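# Tertiary structure, described
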Amino acid sequence: MTEGRRMRFAMVCSSNQNRSMEAHTLLKRHGLDVASYGTGAHVKLPGPSLHEPNVYEFGTPYKTMYEELRRKDPDLYKRNGILPMMKRNLAVKTAPQRWQDNAPDGIFDVVMTFEERVFDMVLEDMNNREQKLMRAVLIINLEVKDNHEEASAGAKVALELCKELEATDSWEDAIEDIVAKFEREQERRILYSISFY
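A brief look at the structure comes next. (Residues numbered from 1 in each chain as written. Predicted model: local features only at pLDDT ≥ 70, side-chain atom pairs only at ≥ 80, totals over all residues. Heavy atoms only, no water.)

### Side note on helix α2 (residues 62-72)
Rules: Exposure is judged per residue with a 1.4 Å probe applied to protein chains only, and the accessible area is read against the type maximum: over 50% gives exposed, under 20% gives buried, and values in between give partly exposed. Secondary structure elements are defined from DSSP: runs of H or I of at least 4 residues count as helices, runs of E of at least 2 residues count as strands, and each element is numbered from the N terminus. In this description, one arc is meant: the one made by directions from the helix axis to the C-beta atoms. Here, two residues are considered to be in contact whenever any of their heavy atoms come within 4.5 Å of each other.
Within α2 the residues assigned to the buried category are Tyr62, Met65, Tyr66 and Leu69. For α2, the angular spread of the buried residues around the axis is 100 degrees, confining them to a single face. Exposed residues pointing more than 90 degrees away from the buried face of α2 are listed as Lys63 and Arg71. Looking at the buried residues of α2, the elements they touch are α1 (19-29), β3 (43-45), β4 (54-56), α3 (74-79) and α4 (82-92).

Laid out in structure tokens, this is it:
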């Protein structure tokens, strides 16, 4: 990391709704340079049953989803936390964005995922991109269950880890010690890999 340059962080989950947006909100509130994405083919939200999810295209505004779900069944979507989550999301950005379509957003120093499957998808995408700059990007997976309570707890851990990384002169030299310390303190396994832009 060059002197005086802030790090750019990307928070990534499957649908850019819960885990990535909870972390995006918290990191943004703490003044970090952050964006968020999903890796799925579509945005999926719980529906009236497990077999009836609400499915949207990436780019569908959170406000549109909020209004549609509020019309469908306000009691259900308030009770299961989807409407409050949508309100939070639309206060942060307009719509969910797909990781695989993010090239115009520029380069990130750290990409944090919250599920191993998503971590694998980000790594695969980065490995398939043309690596012109040969600039390292740290990709970290912090396993977080996809529910509101775990997303909130996971966001706090993500914030601590990002602050620790931003405080180092060179994350490349410090990453092994930082990960070992976090695994010990948080009693969580952290996967990480280095890719290049």
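### Structural notes on the packing of aromatic side chains
Operational definition: Pairs were defined over the aromatic rings of Phe, Tyr and Trp, the Trp ring being its six-membered one, requiring ring centres within 6.5 Å. Orientation was assigned from the angle between planes: stacked under 30 degrees, edge-to-face over 60, tilted for the rest.
If you walk through the whole model with that rule in mind, you get three aromatic pairs. Plain terms: the ring middles of tyrosine 37 and tryptophan 99 are 5.5 Å apart, the flat faces sit at 80 degrees to each other, and that makes the pair edge-to-face. Pair noted here: tyrosine 37 is in strand β2 (residues 33-38) and tryptophan 99 is in the loop between α4 and β5 (110-113), with a separation of 62 residues, a long-range link. With respect to class, tyrosine 37 is no different from tryptophan 99; both count as buried.

### Quick look at unusual backbone geometry
Phi is positive for asparagine 16, which is not a glycine, with a value near 55 degrees. Even without a glycine there, the phi angle at methionine 134 is positive, about 55 degrees.

### Let's talk about a positive patch on the surface
Which entries qualify depends on this criterion: By definition, no residue in a patch forms a salt bridge, and every one has over 30% relative accessible area; like charges are joined within 9 Å, nonpolar side chains (Val, Leu, Ile, Met, Phe, Trp, Tyr) within 5 Å. Computed by Shrake-Rupley with a 1.4 Å probe, the accessible areas treat only the displayed protein chains as cover when residues are assessed. Salt bridges are defined as contacts in which a side-chain nitrogen from Lys or Arg sits within 4 Å of a carboxyl oxygen from Asp or Glu. His is not counted here, nor are the chain ends, while Lys and Arg score as positive and Asp and Glu score as negative. Just so you know, the charge point we use is NZ for Lys, CZ for Arg, CG for Asp and CD for Glu.
A contiguous patch of positive charge on the surface is contributed by Arg70, Arg71, Lys78 and Lys87. The topology assignment puts arginine 70 in helix α2. Residue arginine 70 is classed as partly exposed on the basis of its relative accessible area of 42%.

### A look at the side chain of asparagine 141
We apply this condition: Nitrogen and oxygen atoms within 3.5 Å of one another constitute a polar contact, given that in protein one can donate a hydrogen and the other can accept it, and given that sequence-neighbouring residues count only through two side-chain atoms.
Along the chain, asparagine 141 falls in strand β6 (residues 136-142). Here glutamate 115 takes part through its backbone nitrogen, which lies 2.9 Å from a polar atom of the side chain of asparagine 141. Apart from the residues within four sequence positions on either side, asparagine 141 is in contact with Thr113, Phe114, Glu115, Glu116, Phe119, Arg189, Ile190 and Leu191.

### Concerning a negative patch on the surface
On the surface, a cluster of negative charge is made up of Glu116, Asp120, Glu124 and Glu143. Following the sequence through the fold, glutamate 124 ends up in helix α5 (residues 116-128).

### Considering the pairing of β5
Here is the rule we go by: When DSSP finds two or more bridges between a pair of strands, those strands are recorded as paired.
Side-chain alternation along β5 places Val110 and Met112 on one buried face and Val111 and Thr113 on a second face that is also buried. Where strand β1 (residues 8-13) meets β5, four bridges bridge the pair, whose relative direction is parallel. Across the sheet, the residue bridging to phenylalanine 9 is valine 110, located in β5. By the bridge criterion, four bridges tie β5 to β6 in an arrangement that is parallel. Within β6, the residue paired with threonine 113 across the bridge is asparagine 141.

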